[in-house]
Amino acid sequence: MIATMLNRERINAPSYDQGLLWVTLILLGIGLVMVYSASIAIAEADKAVGHNSSYYLVRQAVFIVISVSAAFVAFNIPVAWWQKMAPYLFLIGLALLVLVLIPGIGRVVGGSRRWLSLFVINLQPSELMKLFAAMYVADYTVRKAAVMDSFRHGFFPMLMVMLVVGGLLLREPDFGAFAVIAAISISILWLGGINARIFGGLIVLLVVGFVFLIWSSPYRLERVIGFMDPWADPYGKGYQLSHALIAFGRGEWLGVGLGASVEKLLYLPEAHTDFLLAVIAEELGFVGVTTVVALFAWIVMRAFGIAKEAIENERYFGALLAQGLGVWIGVQGIINMGVNMGLLPTKGLTLPLLSFGGSGILANCIAMAILLRIDFENRRLQKGLPV
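Now for a quick tour of the structure. These numbers were taken from a predicted model, which means no experiment stands behind them.

Notes on the sheet that holds strand β3 (residues 121-123)
Spatial strand order, β1-β2-β3: three strands in an open sheet with antiparallel pairing. Since the sheet does not close on itself, it has two edges, and those belong to β1 (106-109) and β3, each with one partner. Each strand axis lies, on average, 55° off the axis of its neighbour in the sheet, ignoring direction. As paired elements, strand β2 (residues 112-118) and β3 share three bridges and run antiparallel to each other. Across the sheet, Ser117 pairs through a bridge with Asn122, a residue of β3.

Structure (structure tokens):
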């Protein structure tokens, strides 16, 4: 009798992770509200958008609708198909990274060539590349599982591929995207069983490489100097960070109230994108920031929980991909939050699922849909049903 009841409960259990879906939708909703609040002054002052205060709200709403629709399609695609297509999607990502560097095709904004103009919207290939890289490295690690201990046959080919990706990204330049993709790739390789000595050497190599890239680039070096003491040059190198810190200070515990931020009134640059968390801190206070951090932490922990279940079902590609997606959301979130709080040098990375931007929202929503799909297939297998 008890066994029958337990079996019935297992069969009638939800077929997808309702918590993960709701947390994703909540973050999208918070992002929509806060993007509108943070962008009103910017939009009203911008002649190019017709001084329309709702300009960014409408665009963000359209981005979310398109992205959720794409996510619905992605959820209905089996994980096995994503594994089969991983190398081809990665090649498409590489082609887009090459296209964006071609004058006349790639669009230059703020001194960086990161966007492809699609008439009504701009596509940022580096956002899609984060997703494609996670798929490709997960597939590669599964295919090369028997030789992952070998530097020549296991690690070296992947190193060459990632150096090509890094070179293209640094040509834009997009140092932040390179850092996130490197974190995703290294994490998947480590979790997939790469040799510990190779992993240690890679970490040393990356640290040396990042220091060299910062030291050899005047504008990156200026950002680091401004980060170390933003108040030494509050109208120059430390301008963004000093105003972000002012926003955090004004917010205190409960914030000054939704819509009441002063820093978003053309003081804080990129208030609706890179520094959205500073506006959240000012308007919603410590409680608002803690809520956002907790929601992101929940997603990361759930991603690794889904990966553990996939391993138990011997679905190793899904497990590594789930871990890679969790690392992506976690690392990019940590970098953005660290920049906003003055814990890391200023870097042009948006807050996943929250900041304004079509390419980022699209890639994030598809990533969450694939994570839901991996969990969906785990549940089907546990019920003894086909996937």
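Overview of the packing of aromatic side chains
Applying the stated criterion across every chain, the model contains eleven aromatic pairs. Ring geometry for Phe63 versus Phe356: centroids 5.6 Å apart, planes at 50°, classification tilted. Here the residue Phe63 occupies a position in helix α3 (residues 55-75), and Phe356 occupies one in the loop between α12 (316-341) and α13 (358-382), the gap between them amounting to 293 residues. Phe63 sits in the buried class, given a relative accessible area of 9%.

Concerning the packing of helix α7 (residues 175-191) against helix α8 (residues 196-216)
Put simply, α7 and α8 touch, their axes get as near as 11 Å, and they point 175° apart. Here α8 runs roughly antiparallel to α7, going by the angle between their axes. In this structure, α7 uses Phe175, Phe178, Ala179, Ile186 and Trp190 to contact α8, whose residues at the interface are Ala196, Phe199, Leu202, Ile203, Leu206, Phe210 and Leu213. When the residues that make up the contact of α7 with α8 are grouped by side-chain class, the tally is twelve nonpolar, no polar and no charged.

Some thoughts on the packing of helix α5 (residues 125-143) against helix α6 (residues 151-171)
Where α5 contacts α6, the two axes come as close as 12 Å, and the packing angle between them is 175°. Compared by their axis directions, α5 and α6 come out roughly antiparallel. Between α5 and α6, the residues in contact are Ser126, Met129, Tyr136, Val137 and Tyr140 and His153, Gly154, Pro157, Met158, Val161, Met162, Val165 and Leu169, respectively. Considered class by class, the residues forming the contact of α5 with α6 number ten nonpolar, three polar and no charged.

Remarks on the pattern of salt bridges
Inspection of every chain in the model, using the stated rule, returns ten salt bridges. A salt bridge links Arg250 to Glu282, with the nearest nitrogen and oxygen atoms 2.3 Å apart. Of this pair, Arg250 sits in helix α10 (residues 239-251) while Glu282 is found in helix α11 (residues 276-312), placing the two residues 32 residues apart along the sequence. Since its relative accessible area comes to 0%, Glu282 is described here as buried. When the shortest N-O distance is used, the salt bridge between Glu377 and Arg373 registers 2.9 Å. Of this pair, Glu377 and Arg373 both sit in helix α13, four residues apart, roughly one helical turn. Using a relative accessible area of 1% as the deciding quantity, one classes Glu377 as buried. Look at Arg373 and you get buried, because its relative accessible area is 7%. Through salt bridges with shared partners, one network takes in Asp17, Arg302, Glu309, Asp375 and Arg379.

Cut-offs and rules
- Residues numbered from 1 in each chain as written.
- Predicted model: local features only at pLDDT ≥ 70, side-chain atom pairs only at ≥ 80, totals over all residues.
- Heavy atoms only, no water.
- Pairing = 2+ DSSP bridges.
- Helix = DSSP H or I, 4+ residues; strand = E, 2+ residues; numbered from the N terminus.
- Axes fitted to C-alpha atoms, helices over the stretch in contact; angles between N-to-C directions.
- Phe/Tyr/Trp six-rings, centres within 6.5 Å; stacked < 30°, edge-to-face > 60°.
- Buried < 20%, exposed > 50% of the residue type's maximum accessible area, 1.4 Å probe, protein only.
- Parallel < 35°, antiparallel > 145°, perpendicular 65-115°, else oblique.
- Contact = heavy atoms within 4.5 Å.
- Nonpolar A, V, L, I, M, F, W, Y, C, P; charged D, E, K, R; others polar.
- Salt bridge = Lys/Arg side-chain N within 4 Å of Asp/Glu carboxyl O.

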